[in-house]
Amino acid sequence: MTATDPALTALASGWGALSLLHGRIEAHIERALQAGHDLSVREYSLLDVLSRQHDGEGGHLQMKQVADAVVLSQSATTRLVTRLEDRGLLARYLCPTDRRGIYTNVSEAGLELLAQARPTNDAALREALDEAARNPELVSLVKAVEAVDAASPRR
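Bear in mind the structure is a predicted one, so any value in this text is a computation, not a measurement.

Rules of the game
Residues numbered from 1 in each chain as written. Predicted model: local features only at pLDDT ≥ 70, side-chain atom pairs only at ≥ 80, totals over all residues. Heavy atoms only, no water. Helix = DSSP H or I, 4+ residues; strand = E, 2+ residues; numbered from the N terminus. Contact = heavy atoms within 4.5 Å. Areas by Shrake-Rupley, 256 points an atom, 1.4 Å probe, with all protein chains shown as cover. Lys, Arg positive; Asp, Glu negative; His and termini not counted. Charge placed at Lys NZ, Arg CZ, Asp CG, Glu CD. Buried < 20%, exposed > 50% of the residue type's maximum accessible area, 1.4 Å probe, protein only. Axes fitted to C-alpha atoms, helices over the stretch in contact; angles between N-to-C directions. Parallel < 35°, antiparallel > 145°, perpendicular 65-115°, else oblique. Left-handed = near helix turned anticlockwise from the far one by under 90°. Nonpolar A, V, L, I, M, F, W, Y, C, P; charged D, E, K, R; others polar. Core = buried A, V, L, I, M, F, W, Y, C linked by side-chain atoms within 4.5 Å.

Asks: Please clarify how the overall build of the protein chain should be interpreted in this entry.
Replies: Scanning the protein chain from terminus to terminus reveals six helices and two strands. Along the protein chain, helices and strands appear, N-terminal first, in the series α-α-α-α-β-β-α-α. Structurally, the protein chain occupies a C-alpha span of about 55 × 40 × 30 Å along its principal axes. Sequence separation of at least 24 residues holds for 51% of the intrachain contacts in the protein chain that already meet a minimum separation of 6. Surface summary for the protein chain: the accessible area is close to 9,700 Å², and the carbon and sulfur share equals 57%. Between the averaged position of the 17 positive side-chain charges in the protein chain and that of its 21 negative side-chain charges there is a distance of 2 Å.

Structural data, given as structure tokens:
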């Protein structure tokens, strides 16, 4: 394969469209969450991921797992956790079975803010997808996102 190979050009074009769609969606959701709840997309994602933890086997996430779930480095995730902890939205505690481990839970205030922000996030996502679907370059990707959503179990 050469750099001008049509298959590579198509892959690059597809990747560009996916990147464009992601950027537009994230920017749209970011504006809505900031305006309505003083939350960034990353902060919302972190609260959402941590709110799904439970006390059962494997129910609490280690910081590396949290970082993977919110698509950030461990150090960026730790800084994000600290910011939300300073706002009273999260609380850290030592793992009861391994004193080296530190877990993070969403506080009551964090759960309340997440519940208020979830409809904003969901509406902004829908709006961004509807807007993107009007772009011929993005319509197939929007359909793919919607197909994944339709196949996933409801919250």
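Here the narrative resumes.
Asks: Just checking my understanding: could you explain unusual backbone geometry for this structure?
Replies: When glycine is set aside, most residues are seen to have a negative phi, and most peptide bonds are trans. A positive phi is found at Asp38, a non-glycine position, where the angle reads about 55°. Counting through the fold element by element, Asp38 comes out in the loop between α1 (6-37) and α2 (41-51). Under the relative-accessibility criterion, Asp38 is labelled partly exposed at 49%.

Asks: Could you clarify how one ought to interpret the packing of α2 against helix α3 (residues 63-70) in this entry?
Replies: How two helices pack is summed up by the angle between their axes together with the distance between the axes. At a minimum axis separation of 10 Å, α2 and α3 run at an interaxial angle of 130°. Relative to α3, the element α2 lies oblique. For the pair α2 and α3, the crossing hand works out as right-handed. Between α2 and α3, the residues in contact are Arg42, Ser45, Leu46, Val49 and Leu50 and Val66, Ala69 and Val70, respectively. Class assignment for the residues of the contact of α2 with α3 results in six nonpolar, one polar and one charged.

Asks: Explanation requested: the nonpolar core in the structure shown.
Replies: Nonpolar side chains in soluble globular proteins tend to be buried together. Core analysis: the biggest nonpolar cluster contains 30 residues, and Leu33, Leu39, Leu46, Leu47 and Leu90 have the highest contact counts within it. When contributions to this core are tallied by element, the ones reaching two or more residues are α1, α2, α3, α4 (74-86) and α5 (108-132). With seven residues, α5 is the largest single contributor of residues to this core. Here Leu39 is in contact with Glu30, Leu33, Gln34, Tyr44, Leu47, Arg87, Leu113 and Ala117, once residues within four sequence places are set aside.

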